[in-house]
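Structural characterization, general
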Protein chains: 2
Amino acid sequence: MAGSDKGMRTRRDFLYRAAAVGGSALLLNTMNAWGMGIASRVSAPPQLSGSGKGKKVLILGAGLAGMTAAYELGKLGYEVQVIEARSFAGGRCQTARKGFQLQELGGQMQECRFDEGHYINHGPWRIPMHHQSTLHYTRLFKVPLEVMVNENDNAIIYLEQGGPLAKQRLRGAQVKSDLRGHVAELLAKSVKNDQLDAQLNAGDKALLLDYLANEGHLDAGDLRYKGRSGRGYKTNPGAGMLPGPGEASDPLGFRDLLASKVGKVYSAVQDFPMQNTMFQPVGGMDQIARAFEKQVGRTIRYGAEVQTIRQDANKVTVTVKDAASGKLSSLNADYCLCTIPLSVLRMIDTDFSPRFKDAVKAVAYMPVGKIGLQMKRRFWEEDDQIYGGHIVTDLKGINVISVPSSNWQKQKGVLLGYYNYMLDAIETSALSPPARAEFALSAGQQIFPAYRSSFESSFSVAWHRVQYNLGGWAEWTDESRKAAYPILNEGEGRILLAGEHLSYLTGWQAGAIESSWQQIERIHARAQA
Amino acid sequence: MAGSDKGMRTRRDFLYRAAAVGGSALLLNTMNAWGMGIASRVSAPPQLSGSGKGKKVLILGAGLAGMTAAYELGKLGYEVQVIEARSFAGGRCQTARKGFQLQELGGQMQECRFDEGHYINHGPWRIPMHHQSTLHYTRLFKVPLEVMVNENDNAIIYLEQGGPLAKQRLRGAQVKSDLRGHVAELLAKSVKNDQLDAQLNAGDKALLLDYLANEGHLDAGDLRYKGRSGRGYKTNPGAGMLPGPGEASDPLGFRDLLASKVGKVYSAVQDFPMQNTMFQPVGGMDQIARAFEKQVGRTIRYGAEVQTIRQDANKVTVTVKDAASGKLSSLNADYCLCTIPLSVLRMIDTDFSPRFKDAVKAVAYMPVGKIGLQMKRRFWEEDDQIYGGHIVTDLKGINVISVPSSNWQKQKGVLLGYYNYMLDAIETSALSPPARAEFALSAGQQIFPAYRSSFESSFSVAWHRVQYNLGGWAEWTDESRKAAYPILNEGEGRILLAGEHLSYLTGWQAGAIESSWQQIERIHARAQA
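It should be emphasised that the depicted structure is a prediction, and the values quoted were computed from it without experimental measurement.

Structural notes on the overall build of chain A
When helices and strands are counted, chain A shows 16 helices and 22 strands. On the principal axes, the C-alpha backbone points of chain A span a range of 80 × 65 × 45 Å. A burial count over chain A gives 61% of its 529 residues as buried. For chain A, long-range pairs separated by at least 24 residues make up 68% of all intrachain contacts whose partners lie at least 6 apart in sequence. Surface exposure of chain A reaches about 20000 Å², of which carbon and sulfur atoms provide 52%. Charged side chains of chain A number 61 positive and 52 negative; the gap between the two group centres comes to 4 Å.

What follows is the structure, given as structure tokens:
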């Protein structure tokens with residue numbers, strides 16, 4: 001048992017004792033808790049000195065990794081040129097609003113028809129508070145943020161395969177109140193009945209009963225869980241003589257809850273990247289791309305597709321094709337930072353070594369599908385009081401229906417109708433956009449009576465069918481992390497790679513930014529040498 | 001055990017079965033879950049028909065109860081006159097920003113000196129999603145809302161009296177992860193060891209173990225809780241070759257956690273009014289008051305203090321004193337809705353019956369103190385990654401330090417330095433404003449190293465010392481609810497009362513609004529008869 005800190009005067013004392021009592025783990029934990037930097041080590045760009053003047057860096061891709069590099073290297077005086085295949089910057093950092101167009105490989109052209117002020121973030125859609133790298137730039141570039149509601153206990157949980165609770169509009173608050181209440185009751189009674197005397201002494205028992213009574217909202221007398229305000233009332237408290245003081249609504253049965261396996265939709269706490277407080281930029285995630293573009297846009301050449309990548313002892317040579325005219329041109333630089341997703345890079349003509357090329361090919365990219373549905377009435381708010389957050393469901397191919405954290409109480413709203421992966425995403429992507437919408441509506445209609453009748457228009461994406469991405473994000477395995485990851489991080493010669501794929505934050509904007517920070521530090525070291 | 005719903009085709013079928021299996025409780029619960037209205041009964045103003053033309057209603061007080069009445073009765077054609085003692089409307093719905101002045105009884109004049117764009121909601125500061133009455137008007141009057149972060153597991157818990165964990169900057173996520181993990185481990189092992197066979201059959205055991213493994217993040221092999229991403233990492237995952245895959249930081253010890261009693265700061269779910277998603281108006285809570293004022297401001301006479309209230313068979317007569325000139329005037333009306341807090345009303349000269357006067361005197365009002373502290377740097381975000389939410393502490397007289405859910409990532413911010421009640425509030429209120437700030441800074445400095453050095457200016461309120469309130473809100477007891485509450489709701493003759501005090505939502509804006517809805521319905525019924 002860790003010692004108490006009675007008599008402790010200073011932090012330093014505490015740290016010494018922590019190390020003595022709890023070893024380095026406790027020491028580091030304490031240091032971390034006090035903000036002494038281990039966990040926040042990579043929350044700022046590398047502090048680099050010296051000048052890049054006279055040196056040129058070619059950056060392939062104007063996503064966040066590329067633009068981060070352009071910005072930071074530009075500050076150091078490097079001549080930077082960014083090559084971007086699309087007509088706009090941001091990479092996967094996109095937002096679909098009125099007029100936004102997308103044509104997937106082998107698919108129809110979609111043009112988003114959402115009303116002014118409404119949008120869907122069909123790429124990244126939330127920023128964890130722990131991602132200080134992303135937040136570094138939103139702060140620096142003054143991108144206004146708002147809360148993205150990622151946890152809402154009033155949201156519905158709908159399980160088609162939910163045993164005794166199948167096809168019911170359960171609320172997270174009810175499920176958590178009741179499962180935790182019943183479990184606390186079971187344990188408390190067992191403790192009280194001396195069934196756990198093998199593990200607990202008298203002192204333990206008293207403290208544990210105290211904890212369980214609070215966690216489970218147990219009756220002081222009989223230790224039973226009988227409901228609580230947090231699960232909702234039979235009649236909500238109001239004013240005047242009606243309604244009365246508000247008795248809690250009746251709990252769901254313990255066996256029903258266990259048999260339904262609904263407990264799997266939550267856990268003691270959210271996982272690290274999913275915890276309150278999460279953010280989104282006001283007006284769409286692409287505001288981050290716009291902010292970067294404002295800083296480095298003049299260095300970006302748009303509509304230029306990379307055709308070949310070559311290098312020799314002195315320089316890197318990249319040929320690009322102008323997407324509009326088809327015209328080819330050749331660009332040289334001292335160094336190259338290639339941020340092209342590996343899924344695309346492996347199809348480009350390069351002179352990397354066979355070993356490097358194998359590494360590029362070693363990583364799978366995740367098929368991902370998303371659909372935004374504009375609804376003419378915010379029925380989830382008006383009828384169900386669900387403000388932001390996720391409706392979790394096992395309806396095939398849906399995973400989650402997420403309601404927007406913007407335009408509160410307005411007339412209309414765009415919700416996320418599905419967010420699917422792997423086989424589900426491949427199947428859905430085979431559907432035409434209207435058929436994808438129909439698929440989403442059929443599912444949503446089972447949960448919300450007003451779903452189909454409120455629908456106005458949709459915009460969907462299947463990232464594995466997007467030409468310059470061919471997948472949502474990189475999916476490493478233990479094996480490929482061991483074999484290919486170090487090779488790719490090392491780069492080759494005058495060419496380094498960067499992007500979410502070269503991080504442990506795959507699929508997150510922070511992965512792209514932090515990879516870029518690392519790689520520009522290495523480029524700078526090489527350039528200065 | 002409730003039956004499964006295999007073979008169920010329609011909602012109607014389900015309801016019949018629910019009633020048969022689970023009785024009326026399950027039936028009502030299901031109806032409620034499907035939005036069939038019991039719990040949402042009072043989320044809209046009363047639907048009243050007929051006209052109030054030719055009838056005059058005097059409304060005492062331009063807080064939310066008064067202005068709600070003025071708006072709704074005005075729509076029905078009543079001639080409405082609102083008498084307000086202050087120079088502005090809103091009652092307790094106030095926001096302190098630059099230039100806002102407050103002089104407490106027996107106190108110094110305070111003038112808020114916060115920077116432009118910064119403020120403190122020193123009265124109501126959050127709107128529960130369940131308070132559909134408040135949200136009715138924010139929607140109707142198009143008051144823009146933003147999320148008020150009311151639960152943030154990255155916020156610090158600081159217990160001076162925390163046993164083995166005293167004076168440590170604990171994080172909610174760690175405490176929840178660890179306590180729930182350890183408890184799940186204890187229970188899972190007990191179940192596995194057949195120690196709970198008295199309560200659980202084999203099927204129960206398997207399902208329960210399944211649940212506990214997920215809730216507690218238990219090791220599949222040995223059922224031990226060894227930490228999880230949700231409690232934080234030893235080193236955060238990042239990019240490139242460092243840091244590595246991110247091992248969870250080490251859990252706090254089970255006995256330490258229990259002995260510290262830190263578990264009392266959370267529970268299975270938040271209580272009903274405190275659940276995600278909570279709101280605040282953009283730019284300050286008083287935006288609600290401003291929106292009402294826009295609708296009914298022309299009916300409000302400001303700076304007019306009620307002196308006497310009299311009635312006879314035909315009319316109500318109220319004399320008011322003009323606060324500026326001291327001039328007295330007399331006003332008549334057919335009916336009167338008095339929304340003056342009982343704490344103040346009992347000191348006004350009225351001709352209520354002794355029974356009614358006793359009822360007015362029967363209710364205590366809560367002493368409440370709040371202080372806003374402007375900090376020149378948002379150290380809670382920059383150093384600790386705490387974005388909105390509450391730092392819970394047992395430091396005497398503080399209760400909570402709450403950080404703002406606005407101005408994300410800006411340079412400065414105003415935080416709530418304490419929110420105290422009863423004796424603590426009385427003691428703090430005896431201090432001068434600078435001394436109150438010093439008290440708050442001394443406490444906060446124990447948690448945040450940058451607290452004192454970041455401080456710029458403060459604005460504090462002790463509601464029990466505010467002339468027209470004499471308390472934060474009404475505090476009913478079981479006894480006074482039985483004895484006095486019905487009498488006050490009934491009103492007397494041509495005079496009805498309304499306000500948060502005549503609700504089961506005391507201290508909430510919804511209480512004032514819903515009380516007002518009820519009482520205007522009764523006034524209208526009397527007027528039409």
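Following the structure, the description resumes.
Details of the packing of helix 4 (residues 172-192) of chain A against helix 4 (residues 172-192) of chain B
The geometry of helix 4 of chain A relative to helix 4 of chain B is characterised by a closest axis approach of 11 Å and an angle of 55° between their N-to-C directions. As summarised for this structure, helix 4 of chain A and helix 4 of chain B are arranged oblique, according to the angle between their axes. The two elements helix 4 of chain A and helix 4 of chain B cross, and the hand of that crossing is left-handed. In this structure, helix 4 of chain A contributes Arg180(A), Val183(A), Leu186(A) and Leu187(A) to the contact, and helix 4 of chain B contributes Arg180(B), Val183(B), Leu186(B) and Leu187(B).

Topic: the relation of the copies chain B and chain A
Relative to chain A, chain B is turned by 180° and slid 0.0 Å along the rotation axis, the superposed coordinates differing by an RMSD of 0.0 Å. Here the transformation between the copies is reduced to the relation of a two-fold axis. Of the interface residues in chain B, 99% have counterparts in chain A that sit at the interface too, so the contact is made through matching surfaces.

Digging into the domain arrangement of chain A
Residues and elements named next belong to chain A. Examined at the domain level, chain A breaks down into domain 1 (2-39 + 162-238 + 245-260), domain 2 (56-91 + 287-363 + 475-528) and domain 3 (101-154 + 276-281 + 367-465). Summing the contributions of domain 1 and of domain 3, the shared interface buries around 560 Å²; its carbon and sulfur component is 25%. Summed over the three residues of domain 1 that lose the most area to domain 3, namely Arg169, Arg171 and Lys176, the buried surface amounts to 80% of that side. Inspection of the domain 1/domain 3 interface yields four salt bridges. Of the charged contacts in the structure, one is a salt bridge between Asp384 and Arg171, with a shortest N-O distance of 3.3 Å.

Looking at the layout of surface pockets
Roughly 1000 Å³ of internal volume is contained in the second largest pocket. The wall of the second largest pocket is formed by 38 residues, among which Glu146(A), Val282(A), Leu145(B), Glu146(B) and Val282(B) lie closest to the centre. In terms of residue class, the lining of the second largest pocket is made up of 14 nonpolar, 16 polar and eight charged.

Re the side chain of Ser460(B)
Residue position: Ser460(B) is located in strand 20 (residues 455-462). Ignoring anything within four residues of it in the chain, the contact list for Ser460(B) reads Leu102(B), Glu104(B), Gln110(B), Lys370(B), Ile371(B), Tyr418(B), Pro433(B) and Arg436(B).

Considering the sheet that holds strand 2 (residues 79-83) of chain A
Residues and elements named next belong to chain A. A sheet is described by the order of its strands in space; here five strands give the open sequence 9-2-1-13-22, paired in parallel fashion. In the strand order of this sheet, the two ends are held by strand 9 (300-301) and strand 22 (495-497), each with one partner. Looking at chain direction, strand 2 and strand 9 are connected through two bridges and run parallel. Its bridge partner being in strand 9, Val82 is matched across the sheet by Ile300.

Observations regarding the pattern of salt bridges
Residues and elements named next belong to chain A. Summed over the entire model, instances satisfying the criterion amount to 68 salt bridges over all chains. One salt bridge in this structure joins Glu438 and Arg452, with 2.9 Å as the shortest N-O distance. In this pair, Glu438 is assigned in helix 12 (residues 433-445) and Arg452 in helix 13 (residues 451-454), connecting sequence segments 14 residues apart. For Glu438, a relative accessible area of 36% puts it in the partly exposed group. When salt bridges with common partners are traced through the structure, they connect Arg97, Asp286, Arg290 and Glu293 into a single cluster.

Things to note about the interface of chain B and chain A
Each side of the interface is counted separately: chain B has 116 residues, and chain A has 115 residues. For the pair chain B and chain A, the summed buried area comes to about 10200 Å², and 55% of that belongs to carbon and sulfur atoms. Considering only the side of chain B, the residues that lose the most area to chain A are Tyr211(B), Phe272(B) and Gln409(B), jointly responsible for 7% of the buried surface there. Residue Asp204(A) is joined to Arg255(B) by a salt bridge in which the shortest nitrogen-to-oxygen separation is 2.8 Å. Summed over the shared surface of chain B and chain A, the number is 51 residue pairs in polar contact (both at pLDDT 80 or more). Within the residue set of the side of chain B that touches chain A, elements represented by two or more residues are helix 1 (11-33), helix 3 (132-140), strand 5 (145-147), helix 4, helix 5 (202-215), helix 6 (254-260), helix 15 (485-490) and helix 16 (509-528) of chain B. Looking at the side of chain B that touches chain A element by element, the count peaks at nine residues for helix 4 of chain B.

Some words on the environment of Gly90(A)
All names here are of chain A. In this fold, Gly90 is placed in the loop between strand 2 and strand 3 (101-103). You can call Gly90 buried: its relative accessible area is 3%. Separated by 353 residues in the primary sequence, Gly90 and Ala443 place their C-alpha atoms 32 Å from one another.

Criteria and thresholds
- Residues numbered from 1 in each chain as written.
- Chains lettered and ligands numbered in written order.
- Predicted model: local features only at pLDDT ≥ 70, side-chain atom pairs only at ≥ 80, totals over all residues.
- Heavy atoms only, no water.
- Helix = DSSP H or I, 4+ residues; strand = E, 2+ residues; numbered from the N terminus.
- Buried < 20%, exposed > 50% of the residue type's maximum accessible area, 1.4 Å probe, protein only.
- Contact = heavy atoms within 4.5 Å.
- Areas by Shrake-Rupley, 256 points an atom, 1.4 Å probe, with all protein chains shown as cover.
- Lys, Arg positive; Asp, Glu negative; His and termini not counted.
- Charge placed at Lys NZ, Arg CZ, Asp CG, Glu CD.
- Axes fitted to C-alpha atoms, helices over the stretch in contact; angles between N-to-C directions.
- Parallel < 35°, antiparallel > 145°, perpendicular 65-115°, else oblique.
- Left-handed = near helix turned anticlockwise from the far one by under 90°.
- Least-squares fit on C-alpha atoms with pLDDT ≥ 70 in both.
- Domains from an automatic or database assignment.
- Buried area = accessible area lost by both parts, 1.4 Å probe.
- Salt bridge = Lys/Arg side-chain N within 4 Å of Asp/Glu carboxyl O.
- 1 Å grid on protein atoms, 1.4 Å probe; cavity = no way out; pocket = protein on both sides within 12 Å on 5 of 7 lines; lining within 4 Å.
- Points joined across faces, edges and corners; volume = space filled by probe spheres on them.
- Nonpolar A, V, L, I, M, F, W, Y, C, P; charged D, E, K, R; others polar.
- Pairing = 2+ DSSP bridges.
- Polar contact = N/O pair within 3.5 Å; in protein donor to acceptor, adjacent residues only side chain to side chain.

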